[in-house]
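One-letter residues, chain by chain:
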Protein chains: 2
Amino acid sequence: MDWGTELWDQYDIIEKHTQSGLELVEKYVKFVKERTEIEQNYAKQLRNLSKKYNPKRSGKDEPECRLSSYQSFVDILNEMNDYAGQRELIAENMMMNICIDLTKYLQELKQERKTYLLDAKKAQQNLESTYKQLDSSKKRFEREWREAERAAQYAEKTDQDINATKADVEKAKQQAHMRAHVAEECKNDYAAQLQKYNKEKNQFYFSDMPLIFNKLQDLDERRVRKVAQGYILFSDTEKHVMPIIGKCLEGITKAGTNVDEKNDSLIVIEQNKSGFERPGDVEFEDYSQGINRASSDSSLGTPKGPMDLLGKNRNKNFWLFSKKSKLSTSTLPPFSTPPVPSPANGPNSPKFGRDPLSYCLKEINKTVKPRISSFRTLRRSKFTPDRIMPTVTEDFAHLPPEQRRKRFATETRGHLQRAAKGSRSE
Amino acid sequence: MDWGTELWDQYDIIEKHTQSGLELVEKYVKFVKERTEIEQNYAKQLRNLSKKYNPKRSGKDEPECRLSSYQSFVDILNEMNDYAGQRELIAENMMMNICIDLTKYLQELKQERKTYLLDAKKAQQNLESTYKQLDSSKKRFEREWREAERAAQYAEKTDQDINATKADVEKAKQQAHMRAHVAEECKNDYAAQLQKYNKEKNQFYFSDMPLIFNKLQDLDERRVRKVAQGYILFSDTEKHVMPIIGKCLEGITKAGTNVDEKNDSLIVIEQNKSGFERPGDVEFEDYSQGINRASSDSSLGTPKGPMDLLGKNRNKNFWLFSKKSKLSTSTLPPFSTPPVPSPANGPNSPKFGRDPLSYCLKEINKTVKPRISSFRTLRRSKFTPDRIMPTVTEDFAHLPPEQRRKRFATETRGHLQRAAKGSRSE
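Residues numbered from 1 in each chain as written. Chains lettered and ligands numbered in written order. Predicted model: local features only at pLDDT ≥ 70, side-chain atom pairs only at ≥ 80, totals over all residues. Heavy atoms only, no water.

What follows concerns the overall build of chain A. Counting its secondary structure elements, chain A contains 11 helices and 0 strands. The N-to-C order of helical and strand elements in chain A reads α-α-α-α-α-α-α-α-α-α-α. Out of the 426 residues belonging to chain A, those deemed buried represent 47%. Counting contacts in chain A only where the partners sit at least 6 residues apart, residues at least 24 apart contribute 83% of the total. About 21,600 Å² of surface is accessible on chain A, with carbon and sulfur atoms providing 51% of the total. (Helix = DSSP H or I, 4+ residues; strand = E, 2+ residues; numbered from the N terminus. Buried < 20%, exposed > 50% of the residue type's maximum accessible area, 1.4 Å probe, protein only. Contact = heavy atoms within 4.5 Å. Areas by Shrake-Rupley, 256 points an atom, 1.4 Å probe, with all protein chains shown as cover.)

Time to look at the packing of helix α2 (residues 11-53) of chain B against helix α3 (residues 68-160) of chain B. Residue and element names in this part refer to chain B. In the contact formed by α2 and α3, the axes pass within 8 Å of each other and the chain directions differ by 165°. Accordingly, the angle class assigned to the pair α2 and α3 is roughly antiparallel. For the pair α2 and α3, the sense of crossing is left-handed. Its residues assigned to classes, the contact of α2 with α3 comprises 27 nonpolar, 9 polar and 11 charged. (Axes fitted to C-alpha atoms, helices over the stretch in contact; angles between N-to-C directions. Parallel < 35°, antiparallel > 145°, perpendicular 65-115°, else oblique. Left-handed = near helix turned anticlockwise from the far one by under 90°. Nonpolar A, V, L, I, M, F, W, Y, C, P; charged D, E, K, R; others polar.)

The next subject is the relation of the copies chain B and chain A. For the pair chain B and chain A, the best superposition has an RMSD of 0.3 Å and corresponds to a rotation of 180° with a translation of 0.1 Å parallel to the axis. This pairing of chains is accounted for by a two-fold axis. For chain B, the minimum C-alpha distance to the rotation axis belongs to Y42 of chain B and amounts to 3.0 Å. Interface overlap between copies: 100% of the residues of chain B at the interface are likewise at the interface in chain A, consistent with a symmetric, same-surface contact. (Least-squares fit on C-alpha atoms with pLDDT ≥ 70 in both.)

Quick look at the interface of chain B and chain A now. With 134 residues of chain B at the contact, the number on the chain A side is 134 residues. Of the roughly 12,700 Å² buried between chain B and chain A, counting both surfaces, carbon and sulfur atoms make up 63%. At the boundary of chain B and chain A, one finds 14 salt bridges. Ionic pairing is found between K262 of chain B and E221 of chain A, a salt bridge with its closest N-O pair at 2.7 Å. Joining chain B to chain A, the criterion identifies 61 residue pairs in polar contact (both at pLDDT 80 or more). The set of elements that each furnish at least two residues to the side of chain B that touches chain A consists of α1 (3-6), α2, α3, α4 (166-258), α5 (261-272) and α6 (306-309) of chain B. Counting residues per element, the side of chain B that touches chain A draws most heavily on α4 of chain B, at 35 residues. When the residues that make up the side of chain B that touches chain A are grouped by side-chain class, the tally is 62 nonpolar, 29 polar and 43 charged. (Buried area = accessible area lost by both parts, 1.4 Å probe. Salt bridge = Lys/Arg side-chain N within 4 Å of Asp/Glu carboxyl O. Polar contact = N/O pair within 3.5 Å; in protein donor to acceptor, adjacent residues only side chain to side chain.)

Attention now goes to the confidence of the model for chain A. Residues and elements named next belong to chain A. In the predicted model, chain A carries a mean pLDDT of 77, and 66% of its residues have values of at least 70. Helix α7 (residues 322-331) is the least confidently modelled element of chain A, averaging 32 in pLDDT, while helix α2 (residues 11-53) averages 96, the highest of any element. Scored below 50 in pLDDT, residues 292-307 makes 46 contacts in the model with residues more than four places away or belonging to other chains. Low pLDDT, under 50, characterises residues 311-395; the predicted model gives this stretch 128 contacts beyond four residues in sequence or across chains. This complex was scored by the predictor with a pTM of 0.72 and an ipTM of 0.71. (pLDDT = per-residue confidence, 0-100.)

Turning our eyes to something else, we now look at the packing of helix α4 (residues 166-258) of chain A against α4 of chain B. Where α4 of chain A meets α4 of chain B, the closest approach of the two axes is 9 Å, and the angle between their N-to-C directions is 165°. Looking at the two axes, α4 of chain A sits roughly antiparallel to α4 of chain B. Where α4 of chain A crosses over α4 of chain B, the handedness of that crossing is left-handed.

Moving on to the nonpolar core. The biggest cluster of nonpolar side chains holds 148 residues, and the ones touching the most others in it are Y28, F31 and F234 of chain A together with Y28, F31 and F234 of chain B. Elements with a contribution of two residues or more to this core: α2, α3 (68-160), α4 and α5 (261-272) of chain A together with α2, α3, α4 and α5 of chain B. Among all residues touching Y28 of chain B, those that are not within four sequence positions of it are F73 of chain A together with I98, L102, V227, G230, Y231 and F234 of chain B. (Core = buried A, V, L, I, M, F, W, Y, C linked by side-chain atoms within 4.5 Å.)

With that out of the way, let us pick up the pattern of salt bridges. By the definition in use, this model includes 51 salt bridges over all chains. Of the charged contacts, one joins E6 of chain B and K273 of chain A as a salt bridge, the two residues approaching to 2.8 Å between their closest N and O atoms. Placement of E6 of chain B in helix α1 and of K273 of chain A in the loop between α5 and α6 (306-309) is noted, with the two residues assigned to different chains. The class for K273 of chain A is partly exposed, based on a relative accessible area of 24%.

Below, the discussion takes up the packing of aromatic side chains. All told, the structure shown has 35 aromatic pairs over all chains when counted by the stated rule. Here the aromatic rings of F73 of chain A and Y28 of chain B are separated by 5.6 Å at their centres, their planes lie at 90°, and the arrangement is edge-to-face. In this pair, F73 of chain A sits in helix α3 while Y28 of chain B sits in helix α2, so the two residues belong to two different chains. The class for F73 of chain A is buried, based on a relative accessible area of 3%. (Phe/Tyr/Trp six-rings, centres within 6.5 Å; stacked < 30°, edge-to-face > 60°.)

All names here are of chain A. With respect to the secondary-structure elements, Q193 resides in helix α4. Judged by relative accessible area, Q193 falls into the buried class, the value being 17%. Residues within four places of Q193 in sequence aside, it is in contact with Q133, L134 and S137.

This part is about α3 of chain B. With 93 residues, α3 of chain B should reach 138 Å at 1.5 Å per residue; the first-to-last C-alpha distance of 133 Å fits that figure. Along α3 of chain B, the helix axis deviates most sharply at M95 of chain B, where the bend reaches about 30°. (Expected span 1.5 Å × (residues − 1). Bend = angle between axes of the 7 residues up to and from the residue.)

Dropping the structure here:
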């Protein structure tokens with residue numbers, strides 16, 4: 001069963017069907033194109049979302065960066081960015097392998113179809129032309145035959161007319177004979193034209209047009225095959241990236257399982273531990289034993305404790321030391337008294353940036369506190385800057401590793417800066 | 001290692017860290033919410049795309065609906081609509097299981113954290129209050145001791161003054177003694193206050209605050225655990241629908257492989273085959289054998305053929321018949337002559353709607369054509385409507401099944417309509 005045989009008289013249908021077939025391909029291409037736009041847009045939104053929440057801009061030195069709950073969120077954002085990349089890949093591959101490829105193929109099919117339809121038109125025009133010849137040939141035969149009959153009737157009438165001369169009769173008979181001859185010739189011509197037309201018509205209906213229709217059928221079937229491939233590609237494109245998308249999702253799951261709350265707590269300790277001991281008992285200050293209050297300060301020579309621990313006024317009263325520095329001449333060993341331009345006081349350390357002096361004092365205090373009682377006897381002796389140096393600059397072994405690293409870095413930076421300043425001022 | 005012990009003096013850090021931890025959860029919830037919006041938007045666009053290209057509106061009776069290339073496209077659109085449904089499900093589940101759940105949990109954590117911070121504040125205030133008592137007690141001791149010293153010096157001075165009376169000396173000594181006694185009492189009070197303060201301070205630093213800090217650590221760890229679960233849910237939600245999305249993609253592939261171009265070609269034949277034979281040779285019309293051309297029509301009593309086959313003027317010249325009906329008295333058997341109100345001419349058949357008469361004639365012609373020669377002798381006999389009826393109304397066996405079905409349906413509808421009209425007019 002083919003169109004050439006079965007639909008021999010359905011040119012319109014075939015023309016219309018092949019046309020709407022091509023339109024289906026166009027429609028499908030348009031559909032896929034719109035899908036790629038949706039996919040691109042989706043990917044772009046995911047990318048923007050990933051960028052928006054990624055704290056890259058604030059640098060890697062944020063203390064939170066080391067915490068797994070933050071790190072995993074960043075991992076998720078990165079995985080989602082990769083995910084978006086896969087959606088973009090889907091869009092690109094759909095565009096390349098379906099839209100562009102089908103559009104190209106469509107142009108070829110359109111051209112091919114046009115050629116076939118033109119062939120059909122030509123065949124029809126040829127047959128029409130032969131038909132017109134046949135028609136005119138037939139009309140001439142009819143006309144000539146009528147003339148011949150009239151001439152024959154006239155000849156018969158003349159023959160029976162008693163008034164007619166022999167010459168008249170002969171002339172009429174000759175005329176009739178001639179007319180009959182012409183009519184016969186026209187009949188032969190008509191017969192020949194009819195034979196020619198029938199041959200061409202046969203050729204038209206049984207060979208030329210069926211061939212064209214079959215070619216159009218073949219074209220249509222190729223078109224259907226091609227669009228079917230396009231359909232399969234529509235899912236294959238996505239199936240192709242599914243494993244990678246699966247990996248992105250696995251990556252997110254892994255980021256989630258990587259979160260370690262216990263370790264995060266330890267990191268917070270490591271990053272923020274001061275290393276100080278908790279304050280011991282406040283000692284009794286016995287005025288009756290002859291304490292000399294040089295200062296007019298009426299407050300106790302003890303840490304204000306809780307007030308500073310909750311840190312509302314930490315800038316004003318740095319915990320443990322803001323008072324002590326005032327009271328130092330009476331209650332603390334000389335090491336911890338006034339600020340000295342020691343290397344450790346150069347650039348501020350990241351952690352105690354606001355008050356390097358206090359930080360310095362803190363360090364000293366931490367080391368010397370347990371020995372305060374043994375230093376009691378020295379409490380009125382004079383301050384000597386040299387004596388403070390070794391404690392501050394040489395050793396941070398008492399600090400947790402994170403802070404020790406920072407302190408060394410700070411000190412080194414300080415040395416370098418001073419060295420730079422020194423060489424400039426020289 | 002816990003915060004209570006290691007970060008005893010890092011209240012600010014703990015407050016800030018737990019705060020930024022909660023902010024991370026908030027940030028994550030916001031992030032997921034934006035993702036669900038993207039997902040919803042994506043799903044909506046896919047749904048709209050599916051709707052836009054789905055030819056449902058034009059009804060299922062379109063002849064193209066039966067073609068696999070069209071049907072598969074519709075299948076793909078439906079699969080994509082299901083796909084969109086799965087993306088919506090992702091959005092909904094993310095919203096329910098991550099955003100709403102985490103937000104609720106977050107509120108609880110915030111409340112809990114607030115309570116702990118309040119507890120810390122209270123503990124601090126208590127200790128401050130005790131400290132103030134200690135301070136004032138200490139100041140009084142200092143003041144009284146100075147008075148006592150002064151009184152003692154005065155008593156001593158009076159004792160050595162040669163002008164002083166015994167009474168003066170006694171009075172000064174008594175005064176000094178009294179002052180010394182008061183100072184001693186203040187000293188005892190100060191000592192008691194100091195003991196109380198040191199006890200409370202110890203409780204504060206070694207028990208109350210560490211407990212609160214450890215509670216905050218526990219809260220923070222629960223927060224981290226919860227957000228980690230939220231991270232895992234982020235991919236689990238999508239993983240959950242992956243198999244169904246996979247099925248949608250499989251459905252699309254299946255739609256693609258379902259396309260059968262050969263069968264589509266056959267459907268086009270079945271839907272459009274006229275069932276007519278291709279025209280045979282045009283017969284010779286021999287005027288010389290006495291054809292009586294009743295009509296003034298000068299054209300041949302044959303189909304115009306190719307002109308009509310390509311159908312540009314099909315409305316005007318319905319192929320094979322527009323001319324024949326005019327020529328019928330001379331070239332066709334009486335069955336095929338003028339239009340008769342036969343049942344088949346009732347409602348128009350879908351296929352030959354424009355010209356039911358022509359269609360009818362076509363039918364008849366198809367049946368009788370091979371027998372034309374045997375009917376030759378009848379060609380001048382009168383037309384009798386009754387003789388046409390059986391051919392038209394009784395049997396469509398010569399038609400392809402699709403058309404036979406339509407023809408029967410048409411005829412039945414015609415009968416019913418006429419019956420309805422008849423019963424109404426009675």
